[in-house]
Amino acid sequence: MEPSIRFVTSADGVRLAFSVIGAGPPLVLVRPWISHLELLWQDAAFRSFFERLAEQRTLVRYDGRGNGLSERDVTEVSFDDLVSDLETIVDHLELRDIALFGDAFGGPVAIAYVARHPDRVSHLILHGTYARGRDVATPQRASTFVSVIRDLPDAARLLLTHYTAPGSEDAPHRQVPMAEIIDAEVAAQLYSLAFEMDVSDLLPAINVPTLVLHRRGSMSFPYGVAREMASKIPTAELVPLEGKESNCWEGDGAPALRAIADFLGMETPVTATGDRPPLTILFTDLEGSTTLTQRVGDAQAQEVLRLHNTIVREALSAHGGSEIKHTGDGIMASFVSASRAVSCALAVQQRMESETEARPETPRVRIGLNAGEPVAEDDDLFGTAVQMARRICDQAQPGTVLVSDVVRQLTVGKGFLFSGQGETVLRGFDDPVRLYEVRHG
């Protein structure tokens, strides 16, 4: 999934950047600094972690004022400003029954939002965070760190990396100069504010289901701080995690993902890199695209291709798919969930069928799916699983969805009807494979 960046202006005139991906009930990540929507998405561990949550949730991320792609030219930032930024995003998207994910310094902001708008929040997740700033740093330590942020921002960033993710200093996104993410003076203001924030008096009034996650060995915020915070929230469940990394997506992210999935009532298990299910690969292919160009001309043929692309991309967004590449006459995509992949394929065919009924000259689309463990490299996928998906697509009749037996087995009990097409020898493969046409039950 490649998130698009959108913008909204707060009540006091500050432009805020946000992104939305996935499908399902809303999950809003509250991480107002140091944040950059594009750079964080380039972090493979971050992306993998949150793509899996976006399989069954509409994931909303945003850069707080002064950060990343949001307006950087801000003179002063208050705690109320940070809560107001979250309110702006939620109000703009007209979200209800939100799961708030307060991470690191976003925890107090999320807590304050719940206190102000308890009727709009269904679940609260607090990870690697705190309720009272003085519990995580003495006044002297806080003052020293703020001075380093202001005077030596890049050195401060290396120090932050050491504390939050030991051993990850060479990650590409961590090599970006601090100035590309946030101005040193704004960063100093925000960290000074971080050590002053105190929402501890709000904790006893929180009445939404709350999950508190914290790494036992975290060097950023002591584990005892999370334990104390959880003890004061009547509805809280504390789940300790092993490791030193402060960020839940770094190190072994699987336990945090499983805890969040269980807490939010996700229908299927969510796993992390290293405990990863097979990917389902989907290919689409427009029927007779070369003949179409010769018959109607380049301009009209291109219009048909744009229509196909729009339909497929809207379906991918709705079903949690990731576009891998455009193939000229179609699109290749991947899914962690096989059932979502099949639902997406059927949705595409339904939309294309409607277009064909309205405009008979519109060609039909063939779709093929296979599941396996492809090799990921340079934002592309390779290997036998991909090659077989391509050949299955070639084998499909226009207007149909054809899947391998692996996909059928992964989606048993999900309400699909499969019609066996027998065993077929696909080009480039020695052994015959069993294929199935699929439709809604």
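Further up the page is the structure itself.
The following refers to the structure shown.

Reading the values: rules and limits
- Sequence positions are assigned chain by chain, starting from 1 and proceeding in written order.
- Given that the model is predicted, a residue must reach a pLDDT of at least 70 before its local features are reported, and side-chain atom pairs must reach 80 or more before they are shown or counted; all residues, however, enter totals for whole chains, interfaces and linings.
- To obtain the side-chain values, all non-hydrogen atoms of the structure were included, while hydrogens and water were left out.
- Angles here are taken between N-to-C directions and fall from 0 to 180 degrees, while the axes themselves are lines fitted to C-alpha atoms, restricted in helices to the stretch in contact.
- Going along the chain from the N terminus, every DSSP run of H or I of four or more residues is numbered as a helix, and every run of E of two or more is numbered as a strand.
- If an angle is under 35 degrees, it is roughly parallel; if it is over 145, roughly antiparallel; if it lies from 65 to 115, roughly perpendicular; otherwise it is oblique.
- Each crossing gets its hand from how the near helix is turned against the far one by less than a right angle, where anticlockwise is left-handed and clockwise is right-handed.
- Here, two residues are considered to be in contact whenever any of their heavy atoms come within 4.5 Å of each other.
- Side-chain classes are defined by residue name, with Ala, Val, Leu, Ile, Met, Phe, Trp, Tyr, Cys and Pro counting as nonpolar, Asp, Glu, Lys and Arg as charged, and the others, Gly among them, as polar.
- Two strands are said to pair when DSSP picks up at least two bridges between them.
- For salt bridges, the criterion is a side-chain nitrogen of Lys or Arg within 4 Å of an Asp or Glu carboxyl oxygen.
- Buried residues are those whose accessible area, probed at 1.4 Å on protein chains only, stays under 20% of the maximum for their type, while exposed residues exceed 50% and partly exposed ones sit between those limits.
- A pair of Phe, Tyr and Trp rings is counted when the ring centres sit within 6.5 Å of each other, with Trp represented by its six-membered ring. The angle between the planes then sorts it: under 30 degrees is stacked, over 60 is edge-to-face, the rest tilted.
- We call a charge positioned over a ring when the NZ of a Lys or the CZ of an Arg lies within 6 Å of the ring centre and within 35 degrees of the ring normal.

## What about the packing of helix α3 (residues 79-93) against helix α4 (residues 106-116)?
Look at α3 against α4: their axes get within 9 Å of each other, and the N-to-C directions meet at 65°. Here α3 is positioned roughly perpendicular relative to α4, judged by the angle of their axes. Note on packing geometry: the crossing formed by α3 with α4 is right-handed. Residues Phe 79, Asp 80, Leu 82, Val 83, Leu 86, Glu 87 and Val 90 of α3 form the contact with α4, whose participating residues are Pro 108, Val 109, Ala 112, Tyr 113 and Arg 116. Broken down by class, the residue content of the contact of α3 with α4 amounts to nine nonpolar, no polar and three charged.

## Observations concerning the sheet that holds strand β12 (residues 365-372)
Here seven strands make up an open sheet; going across it, the order is β10-β11-β9-β12-β15-β17-β16 and the pairing mixed. Each end of this open sheet is capped by a strand with a single partner; those strands are β10 (322-326) and β16 (416-424). With direction set aside, neighbouring strand axes in the sheet form an average angle of 25°. Across seven bridges, β16 lies against strand β17 (residues 433-440) in antiparallel orientation. The residue bridging Gly 420 from the neighbouring strand is Tyr 436, located in β17. Relative to the sheet, helix α13 (residues 384-395) contacts β9 (279-286), β11 (331-335), β12, β15 (401-404), β16 and β17, its axis offset from that of β12 by approximately 155°.

## Examining the pattern of salt bridges
Using the criterion set out here, one finds 25 salt bridges in the structure. Two residues, Asp 103 and Arg 31, come together in a salt bridge whose shortest N-O distance is 2.2 Å. Of this pair, Asp 103 sits in strand β5 (residues 98-103) while Arg 31 sits in the loop between β3 (26-30) and α1 (37-41), and the two are 72 residues apart along the sequence. For the residue pair Asp 103 and Arg 31, the accessibility class agrees, reading buried in each case. The partner of Arg 216 in a salt bridge is Glu 242, and the shortest N-O contact between them spans 2.9 Å. Taken together, the residues Arg 216 in the loop between β7 (210-215) and α8 (223-231) and Glu 242 in the loop between β8 (236-241) and α9 (254-264) connect sequence positions 26 residues apart. Residue class for Arg 216 comes out partly exposed when judged on its relative accessible area of 43%. Within the structure, one salt-bridge network assembled from shared partners comprises Asp 285, Arg 366, Arg 390, Arg 391 and Asp 394.

## Remarks on the packing of aromatic side chains
Applying the stated criterion to the full structure yields eleven aromatic pairs. The residue whose ring lies beneath Arg 216 is Tyr 223, and the NZ or CZ to ring-centre distance is 5.4 Å. Geometry around Tyr 436 places Arg 408 over its ring, the cationic atom sitting 4.8 Å from the centre.

## Examining unusual backbone geometry
For Asp 97, which is not glycine, the phi dihedral falls at a positive 50°. Following the sequence through the fold, Asp 97 ends up in the loop between α3 and β5. One non-glycine residue with positive phi stands out, namely Ala 104, at about 50°. What makes Ala 104 buried here is its relative accessible area of 15%.

Just distances and angles here, no functional claims.
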